[in-house]
Amino acid sequence: RADAAEQAEQDRLDLLASISHELGTPLTVVKGNIGAVRRFLDAHDQVAAELASPTADVELAVERMVALREDLMAASRHEAREVELVPLHAGRLIDRAVRWVQNSAAEKGLILASVVHGEQPFILGDADALQSILGNLLSNAIRYTPSGGRVDVTCTQRARDVLIEVADN
């Protein structure tokens, strides 16, 4: 019983750690884009269209946090979220993931670049899960790349496969 209780406690802590990690990137997006809004308001001569992309990112980040909360609630009831596989544009997923970590890279003095090779590659996947994976890869690359370094994201279509790579230099 003691071993089972200890394992249950460790599982609970692992879940909380995972949720905390998953909330990090969306919260960074909210913070960074709120700063962009603040700078816009300070400089009255800028065009309101500049807020379109940051506003969309904030909305997506908030939706992601809501989804993570729902996942937590389902897990607490011992239910699993059903994964929905849909066609997704790999380039758009990468662009969004890069935008979401751009502020963290800039704060560390890193160059963050992405390249999509070939035609517009589509993949079959779950948008939330893939955003989480890309966000974690980029977050870790930024964390472990020395200041002044570079993080590259490449996407290459090879026959029916799509290869997404994150590399730090």
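As shown above, the structure is provided for reference.
This section reports on the structure supplied with the text.

Conventions we followed
- Residues numbered from 1 in each chain as written.
- Predicted model: local features only at pLDDT ≥ 70, side-chain atom pairs only at ≥ 80, totals over all residues.
- Heavy atoms only, no water.
- Helix = DSSP H or I, 4+ residues; strand = E, 2+ residues; numbered from the N terminus.
- Buried < 20%, exposed > 50% of the residue type's maximum accessible area, 1.4 Å probe, protein only.
- Contact = heavy atoms within 4.5 Å.
- Lys, Arg positive; Asp, Glu negative; His and termini not counted.
- Charge placed at Lys NZ, Arg CZ, Asp CG, Glu CD.
- Pairing = 2+ DSSP bridges.
- Axes fitted to C-alpha atoms, helices over the stretch in contact; angles between N-to-C directions.
- Expected span 1.5 Å × (residues − 1).
- Polar contact = N/O pair within 3.5 Å; in protein donor to acceptor, adjacent residues only side chain to side chain.
- Patch = residues over 30% accessible without salt bridge, like charges linked within 9 Å, V, L, I, M, F, W, Y side chains within 5 Å.
- Areas by Shrake-Rupley, 256 points an atom, 1.4 Å probe, with all protein chains shown as cover.
- Salt bridge = Lys/Arg side-chain N within 4 Å of Asp/Glu carboxyl O.

## Thoughts on the overall build of the protein chain
Next up, step 1: On a plain count of helices and strands, the protein chain comes out with 4 helices and 5 strands.
Next up, step 2: The helix and strand sequence of the protein chain, counted from the amino end, reads α-α-β-α-β-β-α-β-β.
Next up, step 3: For the protein chain, the spread of C-alpha atoms along the three principal axes comes to 65 × 45 × 35 Å.
Next up, step 4: Every one of the 169 residues in the protein chain was classed for burial, and the buried ones make up 32%.
Next up, step 5: Long-range pairs, those at least 24 residues apart, make up 76% of the contacts in the protein chain between residues at least 6 apart in sequence.
Next up, step 6: Computing the positive centroid from 17 side-chain charges and the negative centroid from 26, the protein chain places the two 2 Å apart.

## Concerning the sheet that holds strand β4 (residues 150-158)
Next up, step 1: The strand order β2-β4-β5 describes an open sheet built from 3 strands, whose pairing is mixed. The open sheet has two edge strands with one neighbour each: β2 (111-117) and β5 (161-168). When the angles between neighbouring strand axes are averaged without regard to direction, this sheet yields 10 degrees.
Next up, step 2: One ladder, built from 7 bridges, connects β2 with β4; its direction is parallel. Bridged to Ala113 within β4 is Asp152.
Next up, step 3: Where helix α3 (residues 90-107) meets the sheet, its contacts fall on β2, β4 and β5, and the angle it forms with β2 comes to roughly 175 degrees.
Next up, step 4: Where helix α4 (residues 127-144) meets the sheet, it contacts β2, β4 and β5, and its direction lies at approximately 20 degrees from that of β5.

## Notes on α4
Next up, step 1: A rise of 1.5 Å per residue sets the reference length of α4, with its 18 residues, at 26 Å; its end C-alpha atoms lie 26 Å apart and thus fit the reference within 8%.
Next up, step 2: The set of residues buried in α4 consists of Gln131, Ser132, Leu134, Gly135, Asn136, Leu138, Ser139, Ala141 and Ile142.
Next up, step 3: Where α4 starts, the residue carrying a side-chain oxygen 3.2 Å from the main-chain nitrogen of Asp128 turns out to be Asp126.

## Quick word on the pairing of β4
Next up, step 1: Judged from the 8 bridges that link them, β4 and β5 form a sheet pairing that is antiparallel. Residue pairing across strands places Thr156 opposite Leu163, the latter belonging to β5.
Next up, step 2: Here β4 folds back onto β5, and the loop between the two strands holds 2 residues, one of which, Ala159, carries a positive phi near 55 degrees.

## As for a nonpolar patch on the surface
Next up, step 1: On the surface, a cluster of nonpolar side chains totalling about 200 Å² of accessible area is made up of Leu15, Leu72 and Met73.
Next up, step 2: Positionally, Leu15 belongs in helix α1 (residues 2-42).
Next up, step 3: What makes Leu15 partly exposed here is its relative accessible area of 33%.

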